[in-house]
Amino acid sequence: MSVARTIHFTLNGRKVSTEIEPHHNLVELLQRFDLFGARESCGQGLCGCCTAVVDGQPVSGCLYFAVMVDGKSVTTVEAFDADGALSKVQQAFIDHGAFQCGFCTPGFVLMTHQLLQDKPNPSDDDIRDYLSGNLCRCAAYPEIIAAVKAAARAGR
Amino acid sequence: MTPFELMEPQTLQEAVGLLDPDDASVRPVAGGTALMLMMKAGVFAPTRLVSLQHIGAQHSEIGVSGAGELRIGAMATLSALERNTKAAEAFPVIARMLPRLSNVRVRNVACVGGALAHGDPHMDLPPVLAALGAKVSIVGPKESRDVAVDELYTGYYETVVGRNELIADVIVPAMQSRKAAYLKITARSADDWPALGVAVALHADGNTLRDVRLVASAATAMVMRLTEAEKILNGASADDATLKRAGDAAVAEAPIIGDIRGSVAYKRELLRVGVGRAVRQALSSRPTH
């Protein structure tokens, strides 16, 4: 029997709780909180459109059981402009036109934040390597890499 | 995914007790990345999953002993292993393999024990650990036992781990003066599931190869040692003729499977050349100390 359970976690800095069934994934959980920045696209952890950050580590929301965030802290792309101002990474993506349709952009922005946290001055190889699991079907890759470097220079 | 019952035990023994030796629809789940793929594809619909998340903290330690032996708690994530500098220094072959194993997000969630227990021949960690002579300690309802990683697999997604058993630890013997390499050949992106994996560990005694452990994966139905090819390599020097003969022997002994990453004929040729390349890569690898 599938039984819904109550989970408690921190979502973009706010303590929340909800009931969730075990077969739901993190993307479905976020949708309940009207957060649509993480989108399930490939559904196989390959494309990065469903990226969310759990306890400081990026995960693929489509391959992450929602119940596993119980007691943890979740950050989505919506956290970055919560105070009305874009993050330096977001601004760099706009300045460099690092997207066309924008569907993959939340994942790239989250991954870039994480990359710059680990490596404040990433090389081209570091960027390509870290973002290899994020796909942009508009192929804005050169602009994305330029944006990541600009964000690094701007110091996030 | 279809609904199922989720259990969240607090100890390893409690987890073992919640598994069912006779019911294939009851499974343990660690990070869940591989299992969710199966569930989404509709090839696996569990009635019950036993989550190991709450016992993860007790079973995720990674340590290298003074003698150079690596011990990995089964619930350590792949990225924890990747970031462990001691493990990377002692086992460069593992450190070189991990960045091309899927992507950052999957490595942040997927666990070492799950990667070994899943039995998918396309995974990168099992062939490397098998070549290094690693063993796993498996905990069951009554007792624990050690099993060599190269004896863990019996078929496609089939292992000797019982339905009510769990891998608790992985022990990798010290590299000492061994050299090792993992050749991963992908048909699509560099971090894709491989069309062929070849892992090798050996001693180089001057020009002579000794104690060669050669393991194939992805092109074969299961992770397996290539013992006939090993016989040709052991005691020989790594010249072109020997490596070619070893490649031919590997193709003759390995049951090759075709999939979307390559036909049987294609993978046979990959293996024929892959054996020699892996041995050469191992010989040119940096010493560990």
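Remember, predicted model here, so these are calculated numbers, not experimental data. (Residues numbered from 1 in each chain as written. Chains lettered and ligands numbered in written order. Predicted model: local features only at pLDDT ≥ 70, side-chain atom pairs only at ≥ 80, totals over all residues. Heavy atoms only, no water.)

Chemist: Mind laying out the pairing of strand E7 (residues 144–148) of chain B, listing which residues take part and the relevant values?
Modeler: Residues and elements named next belong to chain B. Sheet analysis places strand E6 (residues 135–139) next to E7, joined by five bridges and oriented antiparallel. Each bridged residue has a counterpart across the sheet, and for Val 136 the counterpart in E7 is Val 147. Between E6 and E7, which pair antiparallel one after the other, the connecting turn spans four residues. (Pairing = 2+ DSSP bridges. Helix = DSSP H or I, 4+ residues; strand = E, 2+ residues; numbered from the N terminus.)

Chemist: So, the interface of chain B and chain A: which residues are in play, and what are the values?
Modeler: At the interface, 28 residues of chain B touch 31 residues of chain A. Interface area for chain B against chain A, summed over the two sides, is near 2,300 Å², with a carbon-plus-sulfur share of 57%. Per-residue buried area on chain B facing chain A is highest for Met 36, Lys 40 and Arg 105 of chain B; these three make up 27% of the total on that side. Between the two partners, chain B and chain A, sit two salt bridges. Across the pair Glu 8 of chain B and Arg 5 of chain A runs a salt bridge whose closest N-O atoms are separated by 2.5 Å. At the surface where chain B touches chain A, the tally comes to twelve residue pairs in polar contact (both at pLDDT 80 or more). For the side of chain B that touches chain A, the secondary structure elements donating two or more residues are strand E1 (5–7), helix H2 (33–41), helix H3 (78–83) and helix H6 (104–109) of chain B. (Contact = heavy atoms within 4.5 Å. Buried area = accessible area lost by both parts, 1.4 Å probe. Salt bridge = Lys/Arg side-chain N within 4 Å of Asp/Glu carboxyl O. Polar contact = N/O pair within 3.5 Å; in protein donor to acceptor, adjacent residues only side chain to side chain.)

Chemist: So what's going on with the sheet that holds strand E10 (residues 166–172) of chain B? Which residues, and what values?
Modeler: Residue and element names in this part refer to chain B. One open sheet holds the five strands; their spatial order is E4-E5-E10-E6-E7, and the pairing between them is antiparallel. Looking at the sheet topology across the chains shown, the edges are occupied by strand E4 (62–64) and E7. Shown here is a sheet whose adjacent strand axes are inclined to one another by a mean of 20 degrees, direction ignored. In terms of strand pairing, E4 meets strand E5 (residues 70–73) through three bridges, oriented antiparallel. If you follow Ile 62 over to E5, its bridge partner there is Ile 72. (Axes fitted to C-alpha atoms, helices over the stretch in contact; angles between N-to-C directions.)

Chemist: So what's going on with helix H2 (residues 88–95) of chain A? Which residues, and what values?
Modeler: Residues and elements named next belong to chain A. Every buried residue belonging to H2 is among Val 89, Gln 90, Ala 92 and Phe 93, and all of these are buried. All buried residues of H2 project into a common sector of 160 degrees when viewed along the axis, lining one side. At its buried positions, H2 is contacted by helix H3 (105–118) and helix H5 (141–154). (Buried < 20%, exposed > 50% of the residue type's maximum accessible area, 1.4 Å probe, protein only. Arc of directions from axis to C-beta.)

Chemist: I'd love a proper account of the pattern of salt bridges, names of residues and values included.
Modeler: On inspection of all chains with the given rule, the structure shows 21 salt bridges over all chains. With a shortest N-O distance of 3.4 Å, Asp 126 of chain A and Lys 119 of chain A are connected by a salt bridge. For Asp 126 of chain A, a relative accessible area of 23% puts it in the partly exposed group. Residues joined by salt bridges that share partners form a network here, namely Asp 150, Arg 213, Arg 225 and Glu 230 of chain B.

Chemist: Tell me about the domain arrangement of chain B, residues and numbers included.
Modeler: Residues and elements named next belong to chain B. Taken domain by domain, chain B consists of domain 1 (5–54), domain 2 (56–172) and domain 3 (179–283). The gap between the C-alpha centroids of domain 1 and domain 2 is 18 Å. Counting residues at the interface gives 22 residues for domain 1 and 19 residues for domain 2. On the domain 1 side of the interface with domain 2, the three residues burying the most area are Leu 12, Val 16 and Thr 33, jointly 31% of the side's total. Between the two partners, domain 1 and domain 2, sit zero salt bridges. Where the side of domain 1 that touches domain 2 is concerned, the elements lending two or more residues are helix H1 (12–18), strand E2 (26–29) and H2. A class-by-class count of the residues in the side of domain 1 that touches domain 2 yields twelve nonpolar, six polar and four charged. (Domains from an automatic or database assignment. Nonpolar A, V, L, I, M, F, W, Y, C, P; charged D, E, K, R; others polar.)

Chemist: Explain the domain arrangement of chain A to me, and be specific about the residues and the numbers.
Modeler: All names here are of chain A. Per the domain assignment, the segments making up chain A are domain 1 (5–77) and domain 2 (88–154). Once you take the C-alpha centre of each, domain 1 and domain 2 turn out to be 21 Å apart. The partner domain 2 presents 14 residues to the 15 residues of domain 1 that form the contact. For the pair domain 1 and domain 2, the interface holds zero salt bridges. Our count for the domain 1 to domain 2 interface comes out at four residue pairs in polar contact (both at pLDDT 80 or more). Sort the elements by how many residues they give to the side of domain 1 that touches domain 2 and strand E3 (residues 51–54) lands first, with three residues.

Chemist: Tell me about the environment of Val 64 of chain B, residues and numbers included.
Modeler: Residue and element names in this part refer to chain B. Looking at where Val 64 falls in the secondary structure, it is placed in strand E4. In sequence terms Val 64 and Arg 261 are 197 residues apart; their C-alpha atoms lie 36 Å from each other. Setting aside its immediate chain neighbours within four residues, Val 64 contacts Glu 69, Leu 70, Lys 86, Ala 87 and Ala 90.

Chemist: If you had to explain unusual backbone geometry to someone new, which residues and values would you point to?
Modeler: Residues and elements named next belong to chain B. Of note in the backbone geometry, Asp 211 takes a positive phi value of approximately 50 degrees without being a glycine. Residue position: Asp 211 is located in strand E13 (residues 208–217). Accessibility expressed as a relative area gives 52% for Asp 211, which makes it exposed. Here Ala 218, not a glycine, exhibits a phi torsion of approximately 70 degrees, which is positive.

Chemist: Any details on the packing of aromatic side chains? Residues and values, ideally.
Modeler: All names here are of chain A. Applying the stated criterion across every chain yields a total of three aromatic pairs over all chains. Taking the centre distance of 5.8 Å and the plane angle of 90 degrees together, the rings of Phe 9 and Phe 33 count as edge-to-face. Taken together, the residues Phe 9 in strand E1 (residues 5–11) and Phe 33 in the loop between helix H1 (26–32) and E3 connect sequence positions 24 residues apart. Take Phe 9: its relative accessible area is 3%, and that puts it in the buried class. The side chain of Arg 39 reaches across the aromatic face of Phe 103, ending 5.1 Å from its centre. (Phe/Tyr/Trp six-rings, centres within 6.5 Å; stacked < 30°, edge-to-face > 60°. Lys NZ or Arg CZ within 6 Å of the ring centre and 35° of its normal.)

Chemist: Help me get a handle on the nonpolar core, residues and values and all.
Modeler: Grouped together as the largest cluster of nonpolar side chains are 46 residues, with contacts concentrated most on Ile 94, Leu 116 and Leu 132 of chain B. Among the elements that take part in this core, helix H8 (residues 125–131) of chain B stands out by supplying five residues, more than any other. No fewer than three residues from each of domain 2 (56–172) and domain 3 (179–283) of chain B sit in this core. Look past the residues within four positions of Leu 132 of chain B in its chain and what remains in contact with it is Phe 91, Val 93, Ile 94, Val 172, Pro 173, Met 175, Arg 178, Ala 180, Ala 201 and Arg 213 of chain B. In this structure, Ile 7, Val 27, Cys 62 and Val 74 of chain A belong to the second largest nonpolar core, which totals 34 residues. (Core = buried A, V, L, I, M, F, W, Y, C linked by side-chain atoms within 4.5 Å.)

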